[in-house]
Amino acid sequence: MADTQSSPGTAPLIVRRQDYRPPDWLVPEITLDFSLDPVCTQVRSILTVRRNGEHDRPLKLDGDDLTPLEVKVDGQALTADQWSMEGGALIVPLSGAAHQVETLVELAPENNSKLMGLYASGGLLCTQCEAEGFRRITFFPDRPDVLSRYSVRLEADRARYPILLANGDPIEQGSLPEGRHWALWTDPFPKPCYLFALVAGDLACNADSFVTMSGRTVKLGIWVKEADLPKTAHAMQALKNSMAWDERVYGREYDLDVFNIVAVADFNFGAMENKGLNIFNSRYILADPDTATDIDYDGVEGVVAHEYFHNWSGNRVTCRDWFQLSLKEGFTVFRDQDFSADMGSAAVKRIEDVRVLRAAQFQEDSGPLAHPVRPESYMEISNFYTATIYNKGAELIRMMALMLGRDRFRAGADLYFERHDGQAATCEDFVRAMEEGGGIELAQFRRWYEQAGTPRVRALLTHDAASQTAELVLEQTVPPTPGQPDKQPMAIPLRISLFDRESGTSRGDELLMLTEARQSFLFSKFAAPPLLSINRGFSAPVVIETDRTQADLAFLSAHDDDPFARYEAMQQLMVNVLVGRVGGQAVDDAAVVAAIRNTATDPSLDDAFIAEAIRLPSEAYIGDQLTEVDPDAIHAARESLQHRIGAELEPLWRDIHARTQANSFSLSAAAKGARKLRNTALLYLCASGIEEGAIVAFSQFSAADNMTERQAALAILANGSSAEREAALDIFYNRYRDDALTLDKWFQTQAFAFHPDTVDLVEELGRHPDFTLSNPNRIRSLYGAFAGNQWAFHHRSGKGYRLVADCIIALDKINPQTAARLVPPLGRWRRFGEARAGLMRAELQRILAQPGLSRDVTEQASKSLD
Ligand code: 0A1
Ligand code: ZN
């Protein structure tokens, strides 16, 4: 079947937020009838359409790669001259105010390698419709502000597809001749088509139930391959915890009698919040100690919560158009972050979330793909499922929650849900609900939705002994970003505290609102110059510049009572040494070593926090602090500091490594923290250069009863060139070769390795029989991980760029959405010096020169060259 959307020569269209117009036709009801088959599925749909307002425009039903086999209006078949095609869309002129429009199409799910629409994965048939996949299933106004009631009949071969699932509630099922069967599902809640889903397959169910706050019993099902059932317990617990949490924290109850989750092996993103039928990338459902790390377990919990929370923030209240994507995503990420913080250590969760924000979003915001949380235009909406929409969007909600305080924020959220239930809303609606429900004025705050770029705040604290006052001068700038050369000052909430250097105590937290380009704040009754702790808890997603000395930072790293600020002081201490050394200065690292010793032996701190605080900033983060990135110099500086910390504190690492050895496996916060710290200790111990490093790592690898310790040891070995490296990689491969999710770790560990030959190894792995372009997880494990390995990817030969570009070009023909997600690392060329920039640009140009390139990759590559 021809692909009309990305056929060669099709000029990519730009969609603009300002062009929004309400739909010409509404579709209050839709009846879908699927005769499922991997090679030829028939889809018959009957839409009840209603003219929206006074106009004489025809009905336009979006379609992508569809051919209408029948078109009927009010039961009458239309002749070929009574409808037409425009692009992929079906145009039907209609005379009245309301009609029934029926179409029939055929699909070949087995050949759908884009994983959008109806596709086959590991013997299942499943769907993915967000953002614009429904138009690959049937003709429909594929936009989120058209809400319909769905009635869905599925029919399939019973032996091959014994389980038939769709949104809403199961109504009826029955047998048919020739071994076929059927099931009827209806969803009482009107929804946009991006939330439609069906699954057919041979699935086993982890069945459970949840009693809601009003006493209704909801049937819960997690559907997986029979052999995977033992790996679903954690996801089920996470689901029940999420349901209870949303009732407790937001007063939001689940609204259907059934909630199903299905795990599939081939999925472009993490998971999807389809109404009553969430479909997950199996990596966010399946977990057991032998194959999942603690990070994986937390990922399962967070993503299960995220998709569940969408039932209110996304489904009951959805988005008017895709420019409002952060309305559901930013809010839902905030909700899942808050949930995970409640389930475990809030301090460590905040540190992890900020690390992700800085690694993904700050980079995005400082490059050619920077865009506001509410973008103004796009070519391909799939490219806008970004860290800015998700993670920066979540920070915006967090800032509002901070400014309002818990109860007023809840009042704002209540008003939002009450006012917009059943509607397709906008970011503006959300902000207004916060203003009215919470009692706050957010006029200037709205700029956070409009202006891209990470604000920089310069903070200078001076002291006047005569008047015993301290003055804090804050200056903000927002850097220019594509299409936005000049910026207005933002409203930035900064939590600060001033510490007495003698006693190590402070007068407590204060919330300052920085709203001007430059503002001064006075603090009285300070006999001696205090020390500034700023952006505590990372209260605003900004970069802070201060003139605090290494001694000041060391002091805060020992005394700050805000865990995030304490972590931050440690990180800044390390960054200063590393950045200085990359710049050729001989910066003393004694303060770093001392602060690490101090932190690692502080009995008041828990293991998980210690592990976070003492770990070195990533090579990429160090690069982000520099105007021009020299990956080799950064790697060398970081390795040498790591070696120094390892060697200076060797006995400490041995002690910690021994102390944190557990007798039996547990998922308690303490046990997870101990594993995290144990792995950090192993890293430093091996970095110290002790002769038996590889042996110690290998013995942890061999003795581990869990994947957290096994994979960490493997990763440490993979950085070196010992015989143990090869042995461990072989053992791991042979043990997990038949378990795709775990084999991903084998690819990923090698792609992440700080090894001089990583680039060649990745090239070889790309030809490995277990490598495949048809599975997005495998692609991310190899090429995604590699592109995130700064030192290896930016190999001066340019080979790393070529490898990734080759992958993008090959993958674009199969799965453009996933191909496009590999482009941004190449777009960062401006930061890497002339030689590398030339090589990177050449690869972007080579990609753009490919005939028939998708809109997805075209948008990312062309914007990256600008
Ligand atoms: N709404 C989902 C993300 C998602 C978006 C597009 C997809 O298409 C491949 C899949 C998932 C979420 O936020 O979880
Ligand atoms: Zn989401």
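Per an unreviewed UniProt entry, the chain goes by Aminopeptidase N and derives from Sphingobium vermicomposti. The record held by UniProt for the chain lists under Sequence similarities (unreviewed entry) the comment "Belongs to the peptidase M1 family."

Draft legend 1. Quick look at the UniProt feature "domain: Peptidase M1 membrane alanine aminopeptidase" (unreviewed entry) in the chain. In this numbering, the UniProt entry assigns the feature "domain: Peptidase M1 membrane alanine aminopeptidase" (unreviewed entry) to residues 235-445. Here residues 235-445 runs as 55% helix and 9% strand, with 37 Å between its end C-alpha atoms.

Draft legend 2. Molecular detail of the domain arrangement of the chain. One can read the domain layout of the chain as domain 1 (28-48 + 58-235 + 242-280), domain 2 (317-450), domain 3 (456-547) and domain 4 (737-866). Just the C-alpha atoms count here: the centres of domain 3 and domain 4 sit 41 Å apart.

Draft legend 3. Geometry of the packing of helix 6 (residues 406-420) against helix 7 (residues 427-438). Remark: helix 6 packs on helix 7, axes separated minimally by 7 Å, with the N-to-C direction vectors making an angle of 125°. Overall, the two elements helix 6 and helix 7 adopt an arrangement that is oblique. The element helix 6 and its partner helix 7 pack so that their crossing is right-handed. In contact with Arg408, Phe409, Ala411, Gly412, Asp414, Leu415, Tyr416, Arg419 and His420 of helix 6, helix 7 contributes Asp429, Phe430, Ala433, Met434, Glu436, Gly437 and Gly438. Among the residues forming the contact of helix 6 with helix 7, the class breakdown is seven nonpolar, four polar and five charged.

Draft legend 4. Just the site of ligand 1, in detail. Contacts to ligand 1 come from Gln128, Glu130, Asn268, Phe269, Gly270, Ala271, Met272, Glu273, His306, Glu307, Glu329 and Tyr385. Elements with a minimum of two residues in the shell around ligand 1: strand 20 (271-272) and helix 2 (294-309). Grouping the amino acids of the shell around ligand 1 by side-chain chemistry returns four nonpolar, four polar and four charged.

Draft legend 5. Quick peek at the sheet that holds strand 17 (residues 204-211). What the five strands build is an open sheet, ordered 17-18-19-21-20; its pairing is mixed. Looking along the sheet, the strands with just one partner apiece sit at the ends: strand 17 and strand 20. In terms of strand pairing, strand 20 meets strand 21 (residues 277-281) through two bridges, oriented antiparallel. Bridge pairing in strand 21 links Ala271 to Phe280.

Draft legend 6. Inspection of the nonpolar core at higher detail. One finds Ala200 and Val262 to be the most contacted residues of the largest nonpolar core, which totals 245 residues. Counting residues per element, this core draws most heavily on helix 10 (residues 563-582), at 10 residues. The residues touching Val262, leaving out its near neighbours within four places in the chain, are Cys126, Leu165, Val199, Leu203, Trp223, Ile279 and Phe280.

Draft legend 7. Representation of unusual backbone geometry within the structure. With omega at -5°, the peptide bond leading from Glu130 into Ala131 counts as cis. On the secondary structure map, Ala131 appears in the loop between strand 11 (124-128) and strand 12 (148-157). If you check the backbone angles, Asp74 has positive phi at about 50° while not being a glycine. Accessibility expressed as a C-beta count within 10 Å gives 11 for Asp74, which makes it exposed. Phi at Asn535 is positive, roughly 55°, even though this residue is not glycine.

Thresholds applied
Residues numbered from 1 in each chain as written. Chains lettered and ligands numbered in written order. Predicted model: local features only at pLDDT ≥ 70, side-chain atom pairs only at ≥ 80, totals over all residues. UniProt positions renumbered as here; feature names shortened; annotations may be inferred. Helix = DSSP H or I, 4+ residues; strand = E, 2+ residues; numbered from the N terminus. Domains from an automatic or database assignment. Axes fitted to C-alpha atoms, helices over the stretch in contact; angles between N-to-C directions. Parallel < 35°, antiparallel > 145°, perpendicular 65-115°, else oblique. Left-handed = near helix turned anticlockwise from the far one by under 90°. Contact = placed C-beta atoms within 7 Å. Nonpolar A, V, L, I, M, F, W, Y, C, P; charged D, E, K, R; others polar. Near = placed C-beta within 6 Å. Pairing = 2+ DSSP bridges. Core = buried A, V, L, I, M, F, W, Y, C linked by C-beta atoms within 7 Å. Buried ≥ 20, exposed ≤ 12 C-beta atoms within 10 Å, placed from the backbone.

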